[in-house]
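Each chain, letter by letter, is given below.
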Amino acid sequence: MMGTGNGSRPPVKARCRIKPADGNSSIPAGTEELSLRVQQFSLREQIERNHFLLTRLNAASARLVQSLEHGEVFEAIAEIIGNLIGSEEVAIFDYCPTDKNFRLAWSWGVEAGALQPFLSGAGMFGRAVQQGVSQFQDRQLGTARLPFEKNLTACIILKSSREVVGLIAIFGLLPQKNCLEWVDYELLKFLETYAAVAIQFHKLQRKQVGP
């Protein structure tokens, strides 16, 4: 018969009691050391990734500054995309917010005829301007790709005073590169602002030397 809790049951022998585990021995030394090594590796990886990004941003910034002196801003932007991102098919468009019109400013590796449909502002170009956000082909979920966009990898907005003033179209990537990586997205954020600044500087520079 089960006890009633009134003390009528015989006391439990001391040898049957389970002693609480020692807090210092709850984690084996080997496991704790492995955990510390994992944390160290994670922190080191963060620092190395940041260093890798800063190195690329510094190279891109230096190239843009150099281009201001030689009047080769468009070439510098294409060189940054070619060497640091991995595409030799680039086009740069001006955008007039008042008229909502696109104009081809410069291109490299892409025939002008193939760029003509983009001037309509359809597809990713239109979404980039309307949303004020760069568009990437691999992120266009649930959106039909227009025929002339089949080789378009990214559409990068160029912003001045929070206003879209142009676009960089990046087409095919180099054969050894399958897709854009995290560092590419960070570099393209840099170009959103500073490529736009460099282009504006270049335009003012041309006005000064013009007739």
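Reading the values: the criteria
Here, residues in each chain are numbered from 1, in the same order as that chain's written sequence. Local features in this predicted model are restricted to residues whose pLDDT is 70 or higher, and side-chain atom pairs enter the listing and the counts only when it is 80 or higher, whereas totals over whole chains, interfaces and linings include all residues. Neither water nor hydrogens contribute to the side-chain values; these are computed over all heavy atoms in the structure. Starting at the N terminus, helices and strands are each numbered in turn, a helix being any DSSP run of H or I of at least four residues and a strand any DSSP run of E of at least two. Each residue is assigned to one of three classes by its accessible area relative to the maximum for its type, calculated with a 1.4 Å probe on protein chains only: buried under 20%, partly exposed between the two thresholds, exposed over 50%. Contacts are residue-level and defined by heavy atoms, with any inter-residue pair within 4.5 Å sufficient. Per-residue accessibility takes into account occlusion by the displayed protein chains alone, with areas from the Shrake-Rupley method and a 1.4 Å probe. We call two strands paired when DSSP finds no fewer than two bridges between them. Put simply, the grid is 1 Å and covers the protein atoms alone, a cavity is a trapped set of points that fit a 1.4 Å probe, a pocket is an open set with protein on both sides within 12 Å along at least five of seven lines, and lining residues have an atom within 4 Å of a point. Grid points are joined across faces, edges and corners, and a volume is the space filled by probe spheres set on the points. Here the term charged refers only to Asp, Glu, Lys and Arg, the term nonpolar to Ala, Val, Leu, Ile, Met, Phe, Trp, Tyr, Cys and Pro, and the term polar to all other amino acids, Gly among them. A pairing counts as a salt bridge when a side-chain nitrogen of Lys or Arg comes within 4 Å of a carboxyl oxygen of Asp or Glu. Note on definitions: angles span 0 to 180 degrees between N-to-C directions of axes, and those axes are lines fitted to C-alpha atoms, for helices only across the stretch in contact. Helix span is expected to be 1.5 Å times the residue number reduced by one. Pairing of aromatic rings covers Phe, Tyr and the six-membered ring of Trp, with a centre-to-centre limit of 6.5 Å; geometry is then stacked below 30 degrees between planes, edge-to-face above 60, and tilted otherwise.

This next bit is on the overall build of the protein chain. Each helix and strand in the protein chain was counted, giving five helices and five strands. Counting from the amino terminus, helix and strand elements in the protein chain follow one another as α-α-β-β-α-α-β-β-β-α. Across the 211 residues of the protein chain, 35% fall into the buried class. Of the contacts made within the protein chain by residues no fewer than 6 positions apart, 58% connect residues no fewer than 24 positions apart. Summed over its atoms, the accessible surface of the protein chain is roughly 14,100 Å², and 53% of this surface lies on carbon and sulfur atoms.

Let's shift gears to the pairing of strand E2 (residues 101–108). Sheet topology places strand E1 (residues 90–96) next to E2; seven bridges connect them, and they run antiparallel. By the bridge assignment for E2, Tyr 95 is matched with Phe 102. Adjacent in sequence and paired antiparallel, E1 and E2 are bridged by four residues, among which Lys 100 carries a positive phi angle near 55 degrees.

A separate point is the pairing of E1. For E1, the buried fraction is high: six of the seven residues fall into the buried class. The sheet contact formed by E1 and strand E5 (residues 163–170) spans five bridges and is antiparallel. Looking at the pairing, Ala 91 lines up with Ala 169 of E5.

This brings us to the layout of surface pockets. Reported here for the largest pocket is a volume of approximately 210 Å³. For the largest pocket, the full set of lining residues is Phe 74, Asp 94, Arg 103, Ala 105, Gln 200, Lys 203, Leu 204, Arg 206 and Lys 207. Sorting the residues of the lining of the largest pocket by element identifies E2 and helix H5 (182–209) as the ones contributing at least two each. Looking at the lining of the largest pocket element by element, the count peaks at five residues for H5. Taken together, the residues of the lining of the largest pocket break down into three nonpolar, one polar and five charged.

Evaluated as defined, the whole model comprises eight salt bridges. Residue Arg 37 pairs with Glu 33 through a salt bridge whose shortest N-O separation is 3.6 Å. Of the two residues, Arg 37 and Glu 33 both sit in helix H1 (residues 29–70), four residues apart, roughly one turn of that helix. Judged by relative accessible area, which is 54%, Arg 37 ranks as exposed. Taking relative accessible area as the criterion, Glu 33 reaches 44% and is therefore assigned partly exposed. The closest approach of N and O atoms between Asp 94 and Arg 103, which form a salt bridge, is 2.3 Å.

The five strands are arranged E2-E1-E5-E4-E3 in an open sheet whose pairing can be described as antiparallel. Looking at the sheet topology across the chains shown, the edges are occupied by E2 and strand E3 (135–136). With seven bridges joining them, strand E4 (residues 154–160) and E5 adopt antiparallel strand pairing. Residue pairing across strands places Ile 156 opposite Ile 168, the latter belonging to E5. Each of E1, E2 and E5 touches helix H2 (residues 73–85); the most contacted strand, E2, lies at about 70 degrees to it.

A rise of 1.5 Å per residue sets the reference length of H1, with its 42 residues, at 62 Å; its end C-alpha atoms lie 62 Å apart and thus fit the reference within 8%. Remark: Gly 71 follows H1 within two positions and exhibits a positive phi of approximately 65 degrees.

A complete count under the given rule lists nine aromatic pairs for this structure. Seen in terms of ring centroids, Tyr 95 and Phe 102 are 4.8 Å apart; in terms of plane orientation they differ by 45 degrees. Their pairing is tilted. In this structure, Tyr 95 and Phe 102 share a single accessibility class: buried. Ring geometry for Phe 136 and Tyr 185: centres 4.9 Å apart, planes at 80 degrees, overall edge-to-face. Pair noted here: Phe 136 is in strand E3 and Tyr 185 is in helix H5, with a separation of 49 residues, a long-range link. Neither residue differs from the other here; Phe 136 and Tyr 185 are each classed as buried. Feature note: the residues Phe 93, Tyr 95, Phe 102, Phe 118, Phe 125, Phe 148 and Phe 171 constitute an aromatic cluster, connected by ring pairs.

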